[in-house]
Amino acid sequence: MITTIDLRGVRPSRTELLDMLPRPVVDITAAAHAAQTLIDDVRADGSEALLAQADRFDGGRPERIRVPQAEIDAAVTALEPAVRAALVEAIDRVRTATSAQVPPERTTELADGATVVQRWAPVGRVGLYVPGGKAVYPSSVVMNVVPAQEAGVGSVALASPPQREFGGRVHPTILGAAGLLGVTEVYAMGGAGAIGAFAYGVPDLALDPVDVVTGPGNIFVAAAKRLVKGQVGIDAEAGTTEILVIADAGADARLVAADLVSQAEHDEAAASLLVTDSAALATAVEEWLQRYAAGTRHGARVVEALGGPQSAIVLVDDLEAAVAFSNAYGPEHLEVQTRDPESLLGAITNAGAIFLGDHTPVSLGDYLAGSNHVLPTGGQARFSSGLGAFTFLRPQQVVRYDETALRQVSAHIVALSGSEDLPAHGEAVTARFGLVDAEIRAADDTTAPTTPEGAH
């Protein structure tokens, strides 16, 4: 069912590890041409292109692309009580954890009259994408909207594909979650076209362009985000989900297998990896994988995901080698189920989110941990982070020097500007003191020269 990679007795270099990592056979570049065509169609034909794409790719043409407020309100009212209570709790936990991500303004005084203020300014408008596909993701509404709100973003728009079973409307649970969060601008549009609509705007819908686009999606959504990056900011090119579990002989094979299956049910291309120094645990986990796959609702999907080239059980000599493998892989979700998981934390560098111990499954992070589940995939955790308030914030430096403070560094500025053959930079500083000297002389001598000495 699942491939075993035996690295015992060898210590591959980081380059060798990167070459052998199990990855899904997904080429975003191959989807780029199709995504660009869809984006161009939306730019040229606006809502008509979005309607045609909905008919072709999603759940049929929606009656309206912009969801009426009455429909959002009705979806909130219709939420099942248990689902509503869970969403309210998730919103509260994510909001509490996310509030810690907004840095306070900080002033640094470099000398008397010389200050630099570090502040964090939110972008003005964001477009948040919530996918459709094989599952419904009200939790992704929470994970996208709450960080934008905590960052202080003033304008929030949300898009989700129209659903065939709901007559071309956005899934009512998605709408209900949006309504609970106070989002009033929701669009029934999906795929690359929706990303293009956010990036460039749709005048005939009165949909203004956004500054940042976030949210997971399929390969065409990922390709579209790559294509519009630079026109707008993006969070990451999110791909199919990943879980990597580092476990030793003390781990419970049943729990490890359950966690691997929980992510494999997302998609046939989902990646589930176990890295362990215990051959006995590996054998036991494989047995449990077969049991769970046979008994779970999406068993066929799970079997295909576990049997794909992106999933594996990796045998290593020790936990140090396990951490090295994980750091090279850079998993979206990393679970550490060892006798002393805290002891490994200092060596772990690359992971979207880290889950420590037997009672911290990825499923907790998907819904109620308070952490964000929109995380980098495909190894992007090596250089990017998950979604947070910081995604929607821009650091800005506010500089203020008075005359005395500027005079103290003026000679250094002149020296450096001269070394770079940019003398006007230095002259912009000395001109200020020349004018001050002229004004002083003019007060005592009406024959003061027009161009003061020492101005340059």
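Treat the numbers as computed from the prediction; the structure is a model and nothing was measured. (Residues numbered from 1 in each chain as written. Predicted model: local features only at pLDDT ≥ 70, side-chain atom pairs only at ≥ 80, totals over all residues. Heavy atoms only, no water.)

**Side note on the pattern of salt bridges**
Side chains that differ in charge, positive against negative, can pair when their charged atoms come close.
Next, step 1: Using the criterion set out here, one finds 13 salt bridges in the structure.
Next, step 2: One salt bridge connects Arg95 with Glu150, and the closest N-O pair in it is separated by 3.0 Å. Here Arg95, found in helix α5 (residues 81-99), pairs with Glu150, found in helix α6 (residues 138-151); they are 55 residues apart in sequence, far enough to count as distant.
Next, step 3: The salt bridge involving Arg226 is made with Glu237; its shortest N-O contact spans 2.9 Å. On the criterion of sequence distance, the pair formed by Arg226 in helix α9 (residues 219-228) and Glu237 in the loop between β8 (233-234) and β9 (242-247) is long-range, its members being 11 residues apart.
Next, step 4: Residue classification places Arg226 among the partly exposed residues on the basis of a relative accessible area of 37%. (Salt bridge = Lys/Arg side-chain N within 4 Å of Asp/Glu carboxyl O. Helix = DSSP H or I, 4+ residues; strand = E, 2+ residues; numbered from the N terminus. Buried < 20%, exposed > 50% of the residue type's maximum accessible area, 1.4 Å probe, protein only.)

**What about the side chain of His373?**
Next, step 1: Structurally, His373 is set in the loop between α15 (362-367) and β14 (393-401).
Next, step 2: There is a polar contact of 2.9 Å between the side chain of His373 and the side chain of Ser140.
Next, step 3: Excluding residues within four positions of it along the chain, His373 makes contact with Ser139, Ser140, Met143, Glu332, Gly365 and Asp366. (Polar contact = N/O pair within 3.5 Å; in protein donor to acceptor, adjacent residues only side chain to side chain. Contact = heavy atoms within 4.5 Å.)

**Some words on the nonpolar core**
Next, step 1: If you look at the biggest cluster of nonpolar residues, it comprises 37 residues, and the most contacted ones within it are Val126, Val141 and Phe392.
Next, step 2: Mapped onto this core, the elements with two or more residues apiece are α4 (69-78), α5, β4 (125-129), α6, β5 (155-160), α7 (172-180) and β6 (185-188).
Next, step 3: Considering every element that reaches this core, the biggest residue donor is α6, with 7 residues.
Next, step 4: Ranked by size, the runner-up nonpolar core spans 33 residues in total, among them Ala159, Ala199, Val228 and Ile234. (Core = buried A, V, L, I, M, F, W, Y, C linked by side-chain atoms within 4.5 Å.)

**A closer look at the packing of aromatic side chains**
Next, step 1: Here the structure, examined in full by the defined rule, presents 1 aromatic pair.
Next, step 2: A centroid spacing of 5.6 Å and a plane angle of 35° characterise the contact between Trp288 and Tyr292, whose relative ring orientation is tilted. With Trp288 and Tyr292 both in helix α11 (residues 279-295) and 4 residues apart, this pair spans about one turn of that helix.
Next, step 3: On the basis of relative accessible area, Trp288 is assigned to the partly exposed category, the value being 25%.
Next, step 4: Here Arg23 stacks its cationic end above the ring of Tyr329, 4.0 Å away from the centre of that ring.
Next, step 5: Over the aromatic face of Tyr200 sits the side chain of Arg43, whose NZ or CZ is 3.7 Å from the ring centroid. (Phe/Tyr/Trp six-rings, centres within 6.5 Å; stacked < 30°, edge-to-face > 60°. Lys NZ or Arg CZ within 6 Å of the ring centre and 35° of its normal.)

**Re the UniProt feature "active site" (unreviewed entry) in the chain**
Next, step 1: Within this structure's numbering, the places UniProt gives as "active site" (unreviewed entry) are Glu332 and His333.
Next, step 2: In this structure Glu332 touches Thr240, Thr241, Glu242, Gly352, Ala353, His373, Leu375, Pro376 and Thr377, once residues within four positions along its chain are discounted.
Next, step 3: A polar atom in the side chain of Glu332 sits 3.5 Å from the side chain of His333.
Next, step 4: Here His333 is to be found in strand β12 (residues 333-337).
Next, step 5: Note on His333: relative accessible area 2%, which makes it buried.
Next, step 6: Dropping the residues within four chain positions of it, His333 is found in contact with Thr241, Glu242, Ile243, Leu244, Gln263, Ala353, Phe355, Val362, Asp366 and Leu375. (UniProt positions renumbered as here; feature names shortened; annotations may be inferred.)

**Brief notes about the environment of Ala264**
Next, step 1: With respect to the helices and strands, Ala264 occurs in helix α10 (residues 253-264).
Next, step 2: For the pair Ala264 and His298, spaced 34 residues apart in the sequence, the C-alpha separation amounts to 9.1 Å.

**What about empty space enclosed by the protein?**
A water-sized probe, rolled over the atoms, reveals where empty space remains.
Next, step 1: Going through the model one piece at a time under the given rule, you end up with 2 cavities of 30 Å³ or more.
Next, step 2: Residue lining of the largest cavity: Pro62, Glu63, Arg64, Val67, Pro68, Glu71, Gly168, Arg169, Val170 and Ala188, and that is the complete set.
Next, step 3: Class assignment for the residues of the lining of the largest cavity results in 5 nonpolar, 1 polar and 4 charged.
Next, step 4: As a volume, the second largest cavity reaches approximately 40 Å³.
Next, step 5: Residue lining of the second largest cavity: Pro131, Gly132, Ala135, Val136, Tyr137, Ser160, Gln163, His171 and Ile174, and that is the complete set.
Next, step 6: Among the residues forming the lining of the second largest cavity, the class breakdown is 5 nonpolar, 4 polar and no charged. (1 Å grid on protein atoms, 1.4 Å probe; cavity = no way out; pocket = protein on both sides within 12 Å on 5 of 7 lines; lining within 4 Å. Points joined across faces, edges and corners; volume = space filled by probe spheres on them. Nonpolar A, V, L, I, M, F, W, Y, C, P; charged D, E, K, R; others polar.)

**As for the sheet that holds strand β13 (residues 353-356)**
Next, step 1: The 6 strands are arranged β1-β11-β10-β9-β12-β13 in an open sheet whose pairing can be described as parallel. Edge strands, defined here as strands with exactly one partner in the open sheet, are β1 (3-6) and β13. Each adjacent strand pair in this sheet contributes to an overall mean axis angle of 20°, direction not counted.
Next, step 2: Alignment of β9 against strand β10 (residues 271-276), held across 6 bridges, turns out to be parallel. Looking across to β10, one finds that Leu244 is bridged to Leu273. (Pairing = 2+ DSSP bridges. Axes fitted to C-alpha atoms, helices over the stretch in contact; angles between N-to-C directions.)

**Examining a nonpolar patch on the surface**
Next, step 1: Together, Leu110, Val399 and Tyr401 give the surface a local cluster of nonpolar side chains, amounting to about 300 Å² of exposed area.
Next, step 2: Here Tyr401 is to be found in strand β14. (Patch = residues over 30% accessible without salt bridge, like charges linked within 9 Å, V, L, I, M, F, W, Y side chains within 5 Å. Areas by Shrake-Rupley, 256 points an atom, 1.4 Å probe, with all protein chains shown as cover.)

**Re the UniProt feature "binding site: substrate" (unreviewed entry) in the chain**
Next, step 1: Here the UniProt feature "binding site: substrate" (unreviewed entry) sits at Thr241, Gln263, His266, His333, Asp366, Glu420 and His425. Maximum C-alpha separation among the annotated residues is 57.6 Å over a sequence range of 185 residues, too wide for a single clustered spot.
Next, step 2: Locating Thr241 in the fold gives a position in the loop between β8 and β9.
Next, step 3: A relative accessible area of 10% means that Thr241 is categorised as buried.
Next, step 4: Beyond its immediate stretch of four places on either side in the chain, Thr241 contacts Gln263, His266, Ala270, Ala271, Glu332 and His333.
Next, step 5: With respect to the element layout, Gln263 can be found in helix α10.
Next, step 6: Beyond its immediate chain neighbours, meaning those up to four positions away, Gln263 contacts Thr241, Ile243, Ala270, Ser272, His333, Val362 and Asp366.

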